[in-house]
Amino acid sequence: MDYDKSNRIDLHIHSTYSDGTLTPAKILAMARDLNLGAIAITDHDTIDGSKEALRTGIPSNLKFLTGVEISALPPRLFSFPGSFHILGYLIRFDDPILNSTLNKLQQARKTRNPKIIKQLNMLGIDLSLREVIDESGQCQLGRPHIARTMVKKGFVKSINDAFDKYLGKGRPAYIDKFRVDCSKAIEIILGAGGVPVLAHPVLLEIKDDRIFEQLLVTLIEMGLQGLEVYYPEHSAKHIAFYEKLAKQYNLLMTGGTDFHGSIKPDIKMGTGRGDFFVPCSLYNDLINCCCGQ
Ligand code: AMP
Ligand code: ZN
Ligand code: FE
Ligand code: FE
């Protein structure tokens, strides 16, 4: 398809309300300066970034979707090593079940951080939670903030190095955190009037395409409505596969860079590593689907 490349969108952005380094106001200003057609702020397990963006005021010519990215547990009988996240778009902020579930997830993050620090201390890394808080000044601390402080103190060369050596799944300072069952994540997004979308399928790290398809069918039965087909880590082959599945199962296709600001410096808003492009037509499909419900 021949797309108008001047009108790109980015439906996967993190703000300072999770582990992004730009405030919602700065994200809006950057999106406006980049002339993006539409954006969504999709913070981990919180809608506060989206809320603040709306309070700040959306620049004219920029369309804005409310969003969230929920950490979920796989369905029974499925097991895979990667990150399983469900994006929710166009959610209502006042939904009580959405809010109570997100509060529980936030709480779980708070109890996890001291455990990670304790484990790092036991491994000989001299780091305190206070130092991480002072260094980050964030609303919601996560592993990237711990990693960044470790870089600053010279324990590791880079954020990736910190994940590879200590913080990543299966590494010695990895601590699992509470996640909601995927059926619940989908249900609460639908309950808040939103559109549930499977985030960055390649990061699930499911090697067998047939198993991925079975997972997708299971999620669709739970109410999943979309697939994040366009993502900087997706090769042309991945994209072709995900586009095919999205068409086959009548799923909305979405896409975004997973922009985190300077915590993931190689990923730029709207353009990822350079030639990443999500067409504005996908934003229209999402809106039309939701308004037609
Ligand atoms: P947390 O919210 O503490 O579970 O951390 C999740 C964040 O860590 C996400 O933004 C990921 O992009 C980031 N992350 C996960 N694995 C890695 C890795 N190997 N290198 C760099 N960042 C990572
Ligand atoms: Zn993140
Ligand atoms: Fe994610
Ligand atoms: Fe993300």
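Owing to the predicted nature of the structure, the values given are computational and were not obtained by experimental measurement.

Looking at this structure, I do not really get unusual backbone geometry. What am I missing?
In most cases, non-glycine residues show a negative phi, while peptide bonds are predominantly trans. Here the phi dihedral of Leu-77 falls at roughly 80°; this positive angle occurs in a residue that is not glycine. For Leu-77, a relative accessible area of 78% gives the class exposed. At His-200, a residue that is not glycine, the phi angle is positive and equals roughly 20°. Its location among the elements puts His-200 in the loop between strand 7 (195-198) and helix 8 (209-222). Judged by relative accessible area, His-200 falls into the buried class, the value being 2%.

Looking at this model, I keep getting lost on the coordination of the iron ion (ligand 3). Mind explaining?
Geometrically, a metal with four donors at the corners of a regular tetrahedron has ideal angles of 109.5 degrees, and one with six donors at the corners of a regular octahedron has ideal angles of 90 or 180 degrees. Those protein atoms acting as donors to the iron ion (ligand 3) are Glu-69 (OE), His-85 (ND1) and His-200 (NE2), and they sit at 2.0 to 2.2 Å. In the primary structure, the donors to the iron ion (ligand 3) are separated according to the pattern E-x15-H-x114-H. Metal-to-metal, the separation of the iron ion (ligand 3) and the iron ion (ligand 4) is 3.3 Å; Glu-69 coordinates the two. Here His-85, found in strand 5 (residues 85-89), pairs with His-200, found in the loop between strand 7 and helix 8; they are 115 residues apart in sequence, far enough to count as distant. Of the two residues examined, His-85 and His-200, each falls in the buried class.

Mind showing me how you'd approach the sheet that holds strand 9 (residues 252-255) here?
Strand pairs in the sheet, formed through backbone hydrogen bonds, run parallel or antiparallel to each other. The strand order across the open sheet formed by six strands is 6-4-5-7-8-9, and the pairing between neighbours is mixed. Every interior strand has two partners, whereas the edge strands, strand 6 (180-181) and strand 9, have only one. Set on the sheet, helix 3 (residues 96-122) makes contact with strand 4 (67-73) and strand 6; between it and strand 4 the angle comes to about 65°. Lying over the sheet, helix 9 (residues 236-248) contacts strand 8 (226-230) and strand 9, oriented at roughly 155° with respect to strand 8.

Hey, could you run me through the site of ligand 1 in this one?
Taken together, the residues surrounding ligand 1 are Asp-19, His-44, Arg-109, Arg-112, Gly-142, Arg-143, Pro-144, Asn-160, Phe-163, Lys-177, His-260 and Lys-264. Between ligand 1 and Arg-143 there is a distance of 2.8 Å, counted from an oxygen atom to a backbone nitrogen or oxygen. Within the side chain of His-260, an N or O atom sits 3.0 Å from an oxygen atom of ligand 1. Burial of ligand 1 by the protein chains amounts to 78% of its free accessible area of 500 Å². Sorting the residues of the shell around ligand 1 by element identifies helix 3, helix 5 (143-152) and helix 6 (159-167) as the ones contributing at least two each. Of the residues assigned to the shell around ligand 1, the class counts are two nonpolar, four polar and six charged.

Is there a simple way to think about the nonpolar core in this case?
Across soluble globular proteins, nonpolar side chains show a tendency to be buried alongside one another. Ranked by internal contacts, the top residues of the largest apolar core, which has 58 residues, are Ile-70, Phe-84, Tyr-89, Leu-198 and Phe-212. Among all residues touching Ile-70, those that are not within four sequence positions of it are Asp-45, Phe-84, His-85, Ile-86, Leu-102, Leu-105, Val-180, Ala-185, Ile-188 and Ile-189. Residues Val-132, Ala-147, Val-156 and Ile-159 belong to the second largest nonpolar core, which totals 19 residues.

Explanation requested: the coordination of the iron ion (ligand 4) in the structure shown.
Distances from the iron ion (ligand 4) to its protein donors, His-12 (NE2), His-14 (NE2), Glu-69 (OE) and Asp-258 (OD), fall within 2.0 to 2.2 Å. Here the iron ion (ligand 4) is ringed by four donor atoms whose angles at the metal span 78 to 165°, and the overall shape comes out irregular. In this structure, the iron ion (ligand 4) lies 4.7 Å away from the zinc ion (ligand 2). Here His-14 is found in the loop between strand 1 (9-13) and helix 1 (24-33), whereas its partner Asp-258 is found in the loop between strand 9 and helix 10 (281-291), with 244 residues between them in sequence. Accessibility assignment for this pair places His-14 and Asp-258 in one class, buried.

I would appreciate a short explanation of the pattern of salt bridges in the present structure.
Between side chains of opposite charge, pairing is possible as soon as their charged atoms come close. Applying the stated criterion across every chain yields a total of 13 salt bridges. Linking Asp-134 and Arg-130 is a salt bridge whose minimum nitrogen-to-oxygen distance equals 3.1 Å. Of the two residues, Asp-134 and Arg-130 both sit in helix 4 (residues 129-136), four residues apart, roughly one turn of that helix. A salt bridge links Lys-153 to Glu-131, with the shortest nitrogen-to-oxygen separation between them at 2.9 Å. Of the two residues, Lys-153 sits in the loop between helix 5 and helix 6 while Glu-131 sits in helix 4, which places them 22 residues apart along the sequence. The class of Lys-153 is partly exposed, set by a relative accessible area of 34%. For Glu-131, a relative accessible area of 28% puts it in the partly exposed group.

Please explain the side chain of Lys-177 as it appears in this structure.
Within the secondary structure layout, Lys-177 lies in the loop between helix 6 and strand 6. Lacking a salt bridge, the buried Lys-177 has Asp-45 as its closest oppositely charged neighbour, with an N-O distance of 5.2 Å. In contact with Lys-177, other than residues within four places in its own chain, are Asp-45, Ser-71, Arg-109 and Arg-112.

So what exactly am I meant to see when it comes to helix 1 here?
One turn of an α-helix holds 3.6 residues; hence residues three or four places apart share an orientation. If you check which residues of helix 1 are buried, you get Pro-24, Ile-27, Leu-28 and Ala-31. Taken around the axis of helix 1, the buried residues stretch over an arc of 100°, which confines them to a single face. In helix 1, the exposed residues that point more than 90 degrees away from the buried face are Lys-26 and Asp-33. Looking at the buried side of helix 1, the elements it contacts are strand 1, strand 2 (38-41), helix 2 (48-56) and strand 3 (63-65). Remark: Asn-35 follows helix 1 within two positions and exhibits a positive phi of approximately 65°.

Cut-off values and rules
The numbers attached to residues start from 1 for each chain and follow its sequence in the written order. Whichever chain is written first becomes A and whichever ligand is written first becomes 1, with later ones labelled in order. Only residues with pLDDT of at least 70 get local features here, since the model is predicted, and only at 80 or more are side-chain atom pairs given and counted; chain-wide, interface and lining totals rely on the full set of residues. By convention in this description, side-chain values take in all heavy atoms of the structure and omit both hydrogens and water. Each residue gets one of three labels from its accessible area relative to the maximum for its type: buried under 20%, exposed over 50%, partly exposed in between, using a 1.4 Å probe on protein chains only. Each helix corresponds to a stretch of at least 4 residues labelled H or I by DSSP, and each strand to a stretch of at least 2 residues labelled E; elements are numbered beginning at the N terminus. Atoms of type N, O and S within 2.8 Å of a metal are treated as its donors, and for Na, K and Ca the window is 3.2 Å; water is not considered, so some sites may appear to be missing partners. Strands are treated as partners if at least two bridges between them are detected by DSSP. Between two residues, a contact is recorded if the distance between any of their heavy atoms is within 4.5 Å. Axis lines are fitted to C-alpha atoms, over the contacting stretch for helices. Their N-to-C directions set the angle, which ranges from 0 to 180 degrees. Residues are counted as near a molecule or strand when any one of their heavy atoms sits within 4 Å of it. Throughout this description, a polar contact denotes any pair of N or O atoms lying within 3.5 Å of each other; where both atoms belong to protein, one of them has to be capable of donating a hydrogen while the other can accept it, and for residues adjacent in sequence the pair is counted only when both atoms sit in side chains. For accessible areas, the Shrake-Rupley method is used with a probe of radius 1.4 Å. Any residue's cover is judged against the shown protein chains and nothing else. Gly is placed with the polar residues, together with every amino acid not listed as nonpolar (Ala, Val, Leu, Ile, Met, Phe, Trp, Tyr, Cys and Pro) or charged (Asp, Glu, Lys and Arg). We define a nonpolar core as any set of buried Ala, Val, Leu, Ile, Met, Phe, Trp, Tyr and Cys residues linked to one another through side-chain atoms lying within 4.5 Å. Just to be clear on the cut-offs, tetrahedral is four donors with all angles between 85 and 135 degrees, square planar is four donors and octahedral six with opposite donors over 155 degrees apart and all others between 65 and 115, and anything else goes down as irregular. The term salt bridge refers to a side-chain nitrogen of Lys or Arg lying within 4 Å of a carboxyl oxygen of Asp or Glu. When charges are counted, Lys and Arg are positive and Asp and Glu negative, with His and the chain ends excluded. To be clear, the arc concerns the directions from the helix axis to the C-beta atoms.

On their own, these measurements won't tell you what the molecule is for.
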